[in-house]
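Architecture and fold: a report
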Amino acid sequence: MENSVIKFHHCEKDIYCFFVPEQCPVCGESLSSRRLQEAPVSIPSPFVNGQKIKCSFLVKPTKGTFLRCAFIEYDGRSDLHVGITNTKGVVYNYNETGVCRDEQGWAQSVSVPLVQPDMYSLINQWDPYLEQFSLAEMWNPQRYNETDHNCYTYALTFINCVLATQGKRNLTKTEFTEKFVLPRTKKASRYITLYQEISENYFYIVDSSQQEDDNSSI
Ligand SMILES: [Zn+2]
């Protein structure tokens, strides 16, 4: 289970933790709830359970999970694996064994939604379309290549086929990555740093002003 991160304000600092302590870790003052100027706020996790998200692009570490096995060494560049969910939360992804249809293993993913909730005709066709796309010869295991015919090629090619059915132009890998993936993985990366600090030291403390700068960059 992932702990949830909360933030409270004291000594002109933003103090992140899993539980509000009895005393402020900066000044030592007692922190009964009446002594806090504002109630602690919870920091939303950037991760979703991929098995519960329909019609989305998902990212997770190739081995382990973002916050458990991988969080110690996760540096934002660790080996990542991507996939596409169908409407039932089955994650289609391509690797050296061909196309996998995972019903588990994506419980802590970063997601990019690919359809608006009111795109009914696309949602209705999504599962057969994804299945049919995945049967193509180009996704045979023999065609897999770690650098240029990989999980990302598979997911982006599918996204571009969907865009084509909508009469929209293709996205290059760079466009899709910079516009949709990087903002989310950067946010996840900051959350992992925060989470790791709290796991090791109970608190992560920053100047309040510094945190405002940080927010504006999201
Ligand atoms: Zn204090």
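Look up a bit, the structure's there.
Residues numbered from 1 in each chain as written. Predicted model: local features only at pLDDT ≥ 70, side-chain atom pairs only at ≥ 80, totals over all residues. Heavy atoms only, no water.

Our next topic: the overall build of the protein chain. Check the secondary structure of the protein chain and you find four helices and nine strands. Reading the helices (α) and strands (β) of the protein chain from amino to carboxyl end gives β-β-β-β-β-β-β-β-α-α-α-β-α. Taking all 218 residues of the protein chain together, the buried fraction comes to 40%. Across the protein chain, every contact between residues at least 6 apart in sequence was considered, and the portion connecting residues at least 24 apart equals 64%. (Helix = DSSP H or I, 4+ residues; strand = E, 2+ residues; numbered from the N terminus. Buried < 20%, exposed > 50% of the residue type's maximum accessible area, 1.4 Å probe, protein only. Contact = heavy atoms within 4.5 Å.)

Here we come to helix H1 (residues 120-134). Along its 15 residues, H1 runs 22 Å from first to last C-alpha, staying within 8% of the 21 Å computed at 1.5 Å per residue. Considering bend angle alone, the principal kink of H1 is centred on Trp 126 and spans about 50°; proline Pro 128 follows within four residues of it. Along H1, the residues that are buried comprise Leu 122, Ile 123, Trp 126, Asp 127, Leu 130, Phe 133 and Ser 134. (Expected span 1.5 Å × (residues − 1). Bend = angle between axes of the 7 residues up to and from the residue.)

Here the focus is the sheet that holds strand S2 (residues 13-17). Taking strand neighbours across the sheet as the criterion, the four strands line up as S3-S1-S2-S9 in an open arrangement whose pairing is antiparallel. In the strand order of this sheet, the two ends are held by strand S3 (41-43) and strand S9 (204-207), each with one partner. Averaged over all adjacent pairs, the angle separating strand axes in this sheet is 30°, with direction ignored. Two strands pair when backbone bridges link them, and S2 and S9 are joined in this way by four bridges, in the antiparallel orientation. Note that in S9 the partner of Asp 14 across the bridge is Val 206. On the sheet, helix H3 (residues 173-201) packs against strand S1 (5-10), S2, S3 and S9 and is oriented at approximately 75° with respect to S1. (Pairing = 2+ DSSP bridges. Axes fitted to C-alpha atoms, helices over the stretch in contact; angles between N-to-C directions.)

Moving on, we get to the sheet that holds strand S4 (residues 56-61). Across the sheet, which stays open at both edges, the five strands sit in the order S7-S6-S5-S4-S8 with antiparallel pairing between neighbours. Looking at strand neighbours, the two that pair on one side only are strand S7 (98-102) and strand S8 (110-113), the edges of this open sheet. Looking at each pair of strands side by side, their axes are set apart by 30° on average, direction ignored. Of the pairings in the sheet, the one linking strand S5 (residues 80-85) to strand S6 (residues 91-95) comprises two bridges and is antiparallel in character. Among the inter-strand pairings, Thr 85 is bridged to a residue of S6, identified as Val 91. Each of S5, S6 and S7 is contacted by H1, which is oriented at about 130° to S5, the strand it contacts most.

What follows covers the side chain of Asp 127. With respect to the secondary-structure elements, Asp 127 resides in helix H1. When near neighbours in sequence (up to four residues on either side) are disregarded, Asp 127 contacts Asn 86, Thr 87 and Lys 88.

The tally for this structure, following the rule as stated, stands at five salt bridges. Of the charged contacts in the structure, one is a salt bridge between Glu 131 and Arg 101, with a shortest N-O distance of 3.0 Å. Separated by 30 residues along the polypeptide, Glu 131 in helix H1 and Arg 101 in strand S7 bring together distant segments of the chain. A relative accessible area of 34% places Arg 101 in the partly exposed class. (Salt bridge = Lys/Arg side-chain N within 4 Å of Asp/Glu carboxyl O.)

Within the secondary structure layout, Val 41 lies in strand S3. Measuring from C-alpha to C-alpha, the distance between Val 41 and Lys 7 comes to 5.4 Å, with 34 residues separating the pair along the chain. With residues up to four places along the chain from it excluded, the contact list for Val 41 reads Val 5, Ile 6 and Lys 7.

These figures come from the coordinates and say nothing about function on their own.
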